[in-house]
Amino acid sequence: MGVVVEHLTKVYGHQTVVNNISFEAKPGKVLGFLGPNGAGKSTTMKMLTGYIPQTSGMATVCGFSPLDNPLEVKKRVGYLPENNPLYWEMYVKEFLGFVAGLHHLKNKQQRLKEVIDLTGIGDEQHKKIGSLSKGYKQRVGLANAIMHDPDVLILDEPTSGLDPNQLLEVRNLIKQLGETKTVILSTHIMQEVEAICNQVVIINKGNIVANDSLAYLLAQHQETSLEPVFIKLTNI
């Protein structure tokens, strides 16, 4: 099961940040969740993961409500937030071992090795997180998100700070994970969406302005790349 969002709304005071949005993200697909800064992307992701409650509407993750069953949702979700909070004084392997322990993994050492290999941080595993480059910190954040082999991955700017080689590797990893999991990917890099996303949802000023397959969006707007479509729909 994936993620279902129905009439989800978030209001702060007199400001509506997310306005009555609905969409569905399915297993085996990568959904690109796009929008300008301040459009409501991160707020939506925080509601889906149970970090903040919605004002109205509903969302379910693998059939569970983040509002009513937050622990069940967190068991099934891997979340990489935009600010990627990490314990900078811990060593990489120490931190990931701590994360594995929080999830009560039975095959802890085996899974630890798998995730370190998957995210390409083997050479950095004995370094303190605070000493890593931004790109490697992002990889540690991604390793944290996938440690418990979740059914749903919610990734907010996962390739921020990566060099071109790292970018390609992480894109391939996300694409690979998206073959069996439900992945919601937020990014400002249109080429990234074109490379790995099956479906595109564009949000602008809290409202959904597009929700279609990438191929349909390009054909509908008679464009060969996503960037002019994005600019057209959000420059309103």
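Residues numbered from 1 in each chain as written. Predicted model: local features only at pLDDT ≥ 70, side-chain atom pairs only at ≥ 80, totals over all residues. Heavy atoms only, no water.

The name given to the chain in an unreviewed UniProt entry is ATP-binding cassette domain-containing protein, and the organism recorded there is Pseudopedobacter beijingensis. UniProt, in the comment section headed Sequence similarities (unreviewed entry), describes the chain in these words: "Belongs to the ABC transporter superfamily." (UniProt positions renumbered as here; feature names shortened; annotations may be inferred.)

Looking now at unusual backbone geometry. Here asparagine 20, not a glycine, exhibits a phi torsion of approximately 55°, which is positive. By secondary structure assignment, the location of asparagine 20 is in strand E2 (residues 15-25). Its identity as a non-glycine residue notwithstanding, aspartate 149 has a phi of 55°, on the positive side. Inspection of the secondary structure assignment puts aspartate 149 in the loop between helix H5 (134-146) and strand E6 (152-156). Judged by its relative accessible area of 47%, aspartate 149 falls in the partly exposed class. (Helix = DSSP H or I, 4+ residues; strand = E, 2+ residues; numbered from the N terminus. Buried < 20%, exposed > 50% of the residue type's maximum accessible area, 1.4 Å probe, protein only.)

To continue, consider H5. Here H5 contains 13 residues, and its C-alpha end-to-end distance of 19 Å stays within 8% of the 18 Å for a straight helix at 1.5 Å per residue. Among the 13 residues in H5, 10 count as buried, and that is most of the element. Listed as buried for H5 are Gly135, Lys137, Gln138, Arg139, Val140, Gly141, Leu142, Ala143, Ala145 and Ile146. Where H5 is buried, its residues touch strand E5 (77-80), helix H3 (92-102), helix H4 (108-119), E6 and helix H6 (164-177). (Expected span 1.5 Å × (residues − 1). Contact = heavy atoms within 4.5 Å.)

Looking now at the nonpolar core. Ranked by size, the top nonpolar core spans 46 residues in total, and within it Leu34, Phe95, Leu96, Val140, Leu155 and Leu226 carry the most contacts. With near-sequence residues (within four places) excluded, leucine 34 lies in contact with Lys41, Thr187, Met190, Val193, Val200, Val201, Ile202, Ile203, Leu226 and Phe230. Among the nonpolar cores identified, the runner-up in size contains 26 residues, and Leu31, Ala59, Cys62 and Tyr79 belong to it. (Core = buried A, V, L, I, M, F, W, Y, C linked by side-chain atoms within 4.5 Å.)

Enumeration over the complete set of coordinates arrives at 9 salt bridges. Here glutamate 114 ties to arginine 111 by a salt bridge, and the two come within 3.2 Å at their closest N and O atoms. One end of the pair, glutamate 114, and the other, arginine 111, are both in helix H4, 3 residues apart, so they sit about a helical turn from each other. Its relative accessible area of 32% is what places glutamate 114 among the partly exposed residues. One salt-bridge network, in which partners are shared between bridges, spans Glu72, Lys75 and Arg76. (Salt bridge = Lys/Arg side-chain N within 4 Å of Asp/Glu carboxyl O.)

With that settled, the discussion passes to the environment of glycine 161. Looking at the element boundaries, glycine 161 is found in the loop between E6 and H6. Its relative accessible area of 44% is what places glycine 161 among the partly exposed residues. Taking C-alpha positions, glycine 161 is 4.8 Å from glycine 135, a pair spaced 26 residues apart along the chain. Every residue in contact with glycine 161, bar those within four places of it in the chain, is listed here: Lys134, Gly135 and Gln166.

Once that is clear, we can look at the sheet that holds strand E1 (residues 3-12). On the basis of which strands lie adjacent, the open sheet formed by 3 strands has the order E2-E1-E4 and antiparallel pairing. The open sheet has two free edges, formed respectively by E2 and strand E4 (56-61), since each of these has just one partner strand. Adjacent strand axes in the sheet meet at a mean angle of 20°, parallel and antiparallel pairs treated alike. Bridge count between E1 and E4: 5 bridges; the pairing is antiparallel. Along E4, the bridge assignment pairs glutamate 6 with methionine 58. On the sheet, helix H1 (residues 41-48) packs against E1, E2 and E4 and is oriented at approximately 115° with respect to E1. (Pairing = 2+ DSSP bridges. Axes fitted to C-alpha atoms, helices over the stretch in contact; angles between N-to-C directions.)

Overall, mixed pairing links the 6 strands, which are arranged E5-E6-E7-E3-E8-E9 in an open sheet. In this open sheet, the two edge strands, each paired with only one partner strand, are E5 and strand E9 (207-213). Between one strand and the next, the sheet's axes are offset by a mean angle of 15°, whatever the strand orientation. Here helix H9 (residues 226-234) sits on the sheet in contact with strand E3 (29-34), strand E8 (199-204) and E9, set at roughly 30° to E8.

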